[in-house]
Amino acid sequence: MRWENFRFALFEKAPEALLEHSMIVVITITLAILISVPLGVFLSRPKYKKFGLVTLNILNLLQAVPGIAVIALALPILGLGMKPAIVALLFQSLLPIVRNTIAGLLGVSSDVKEAASGMGMSQRRILWEVELPLAIPIILSGIRTATVYVVSIGTLASLIGAGGLGNLIMGGLSLFRPEYLLVGAGLGALMAIFLDRMINYLEYRITPPGMRVE
Amino acid sequence: MTLTDFVSFLVKNTKTIMEYSENHFTLVLLAVGISLLIWVPVGLLLTKSDKWAARVLALANTIFCIPSLSMFAILVTIPMFGLGRKSALLALVLYAMMPLIRSVYDGVKNVDRNVIEAARGMGMSTKRILVEILVPLGMPIIFAGFRITVVMTTGIAAIATYIGERNLGRFIQEGLVRSNTPMMVTGALIISIIAIGLDTILGVIEKRIVPKGLRVSR
């Protein structure tokens, strides 16, 4: 191990890689939330419940496919670069959010909903003002799972040219420079743990005090 | 990339595929076996102390967050482990910590208190309560954790090819390097099919294993 290599990896290479990685994560998670939360709301409506099971089963199957296989399958279909990587990651980050949205919305007790409709709220207002606020902690926990997952598989996205921290790790493995490995892997781990803690804290803050479970 | 490419690749490389699959399965089996031996007793122990349970679960959660490629890369830099099976095994066992401990802990903790009290009232010893009440009643949750562990380990084991394991991940690695699409797609498809297959089979067993009275319609 040499300090010079370490410094080079940390100050010359890491900032760009970290930026690319953050971009992949932020774009993927934003898209995933935009797709899955409405999908979850839609599937939890009583009218469309029968689609719910089918969709969940399909997403479950997709989830079982290992990340590296998804990345490898994305290359011949979508090509090289950041966009294909994001699409590949998107596929797998949908399930936790959709599942938790459905679980959260179905978990709202029917007494509360009845009380709301008894007060003369319309279905739409019940959804926005009663169901979603009560379900948000569970939805956030799904978003947390998805985020950690995207950070993790995001390191593999460098294989299809998306850049990110995986570049440092792969470079370190092929040149056999432990400094690169430590910087790339360490930053990846820190990023995942940091995001997990942050969303966890958000979850805790957003839960109404009466609903907190010890 | 057509179907014929795919089939001809399969036919030409049957021997290599068998060799890699064998390596893959032995690694997964070893990792899951060791994980079960270590983490199930730990999970059972943790049900005795809530304070330690919170600490260990937090640690397991943190480890679980670490990207798999990062985990392998960090272990490789530790002189004792280096490239090869030892690092791969340790990483897989560490990843299995979260699902296994959590499911054993949750499973045992979820057992109805009244049942335990009834057992104690009938004069069962703590050991018998554990073996005859807690574990069987907690089994559905424990098995769900086991299922997640197996499927996850199969997937992550493929990434261990980057630290020198010769397993199914190697098709993806070499296919990418040589831009040999049939090779890469074959590797990816074989791993996916194995993972989905395992998930489905274990899912069926999971449904069977639940005592009739405990079945919840989902």
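The following refers to the structure shown. All of these numbers come straight from a predicted model, not from anything done at the bench. (Residues numbered from 1 in each chain as written. Chains lettered and ligands numbered in written order. Predicted model: local features only at pLDDT ≥ 70, side-chain atom pairs only at ≥ 80, totals over all residues. Heavy atoms only, no water.)

**Section: the overall build of chain B**
And step 1. Helix and strand content of chain B: 9 helices and 0 strands.
And step 2. Ordering the α and β elements of chain B from the N terminus gives α-α-α-α-α-α-α-α-α.
And step 3. Each of the three principal axes of chain B carries a C-alpha extent, and together these read 65 × 40 × 25 Å.
And step 4. Counting all 218 residues of chain B, 50% fall into the buried class.
And step 5. In chain B, the proportion of contacts linking residues at least 24 apart, taken out of those at least 6 apart, comes to 74%. (Helix = DSSP H or I, 4+ residues; strand = E, 2+ residues; numbered from the N terminus. Buried < 20%, exposed > 50% of the residue type's maximum accessible area, 1.4 Å probe, protein only. Contact = heavy atoms within 4.5 Å.)

**Some remarks on the interface of chain B and chain A**
And step 1. Taken together, the contact between chain B and chain A spans 31 residues of the former and 33 residues of the latter.
And step 2. When chain B packs against chain A, the two sides together hide about 2,700 Å² of surface, and 84% of this comes from carbon and sulfur.
And step 3. It is Cys65(B), Leu69(B) and Tyr162(B) that lose the most area in chain B upon contact with chain A, and together they represent 21% of the buried surface on that side.
And step 4. The tally of links from chain B across to chain A stands at 0 salt bridges.
And step 5. For the pair chain B and chain A, the number of links is 2 residue pairs in polar contact (both at pLDDT 80 or more). (Buried area = accessible area lost by both parts, 1.4 Å probe. Salt bridge = Lys/Arg side-chain N within 4 Å of Asp/Glu carboxyl O. Polar contact = N/O pair within 3.5 Å; in protein donor to acceptor, adjacent residues only side chain to side chain.)

**A short note on the side chain of Thr186(B)**
And step 1. Structurally, Thr186(B) can be placed in helix α9 (residues 181-209).
And step 2. Not counting the four nearest positions on each side in its chain, Thr186(B) is found in contact with Phe6(B), Phe9(B) and Leu10(B).

**Describing the nonpolar core**
And step 1. Membership of the largest hydrophobic core comes to 117 residues, with the highest contact counts inside it found for Leu156(A), Phe72(B), Ile172(B) and Leu176(B).
And step 2. Take this core: its biggest share by element is 12 residues, from helix α5 (residues 85-109) of chain B.
And step 3. Setting aside its immediate chain neighbours within four residues, Phe72(B) contacts Ser87(B), Ala88(B), Ala91(B), Ile156(B), Ile159(B), Ala160(B) and Ile163(B). (Core = buried A, V, L, I, M, F, W, Y, C linked by side-chain atoms within 4.5 Å.)

**Remarks on the packing of helix α7 (residues 126-159) of chain B against α9(B)**
All names here are of chain B.
And step 1. Viewed as axis vectors pointing N to C, α7 and α9 meet at an angle of 175°, and their least axial separation amounts to 10 Å. Classified by the angle their axes make, α7 and α9 are roughly antiparallel. Along its contact with α7, which presents Met-139, Pro-140, Phe-143, Ala-144, Phe-146, Arg-147, Val-150, Val-151, Thr-154 and Ala-158, the element α9 presents Ile-191, Ile-194, Ala-195, Leu-198, Asp-199, Leu-202, Gly-203, Ile-205, Glu-206 and Ile-209.
And step 2. Looking at the contact of α7 with α9 residue by residue, the class counts come to 15 nonpolar, 2 polar and 3 charged. (Axes fitted to C-alpha atoms, helices over the stretch in contact; angles between N-to-C directions. Parallel < 35°, antiparallel > 145°, perpendicular 65-115°, else oblique. Nonpolar A, V, L, I, M, F, W, Y, C, P; charged D, E, K, R; others polar.)

**Here we look at the packing of helix α5 (residues 110-118) of chain A against helix α6 (residues 123-154) of chain A**
Residue and element names in this part refer to chain A.
And step 1. One way to put it is that α5 packs onto α6 with a least axis distance of 11 Å and a crossing angle of 160°. Accordingly, the angle class assigned to the pair α5 and α6 is roughly antiparallel. As for the relative orientation of α5 and α6, their crossing is right-handed in sense. Across the interface between the two elements, Val-112, Lys-113, Ala-116 and Ser-117 from α5 touch Ile-126, Val-130, Glu-131 and Leu-134 from α6.
And step 2. Considered class by class, the residues forming the contact of α5 with α6 number 5 nonpolar, 1 polar and 2 charged. (Left-handed = near helix turned anticlockwise from the far one by under 90°.)

**Details of the packing of aromatic side chains**
Residues and elements named next belong to chain A.
And step 1. For the structure shown, the criterion picks out 6 aromatic pairs over all chains.
And step 2. Arranged with centres 4.4 Å apart and planes meeting at 25°, the rings of Phe-42 and Tyr-48 form a pair that is stacked.
And step 3. The exposure class assigned to Phe-42 is partly exposed, which follows from its relative accessible area of 36%.
And step 4. Taking relative accessible area as the criterion, Tyr-48 reaches 28% and is therefore assigned partly exposed. (Phe/Tyr/Trp six-rings, centres within 6.5 Å; stacked < 30°, edge-to-face > 60°.)

From the geometry alone we can't say anything about function, so treat these as descriptive.
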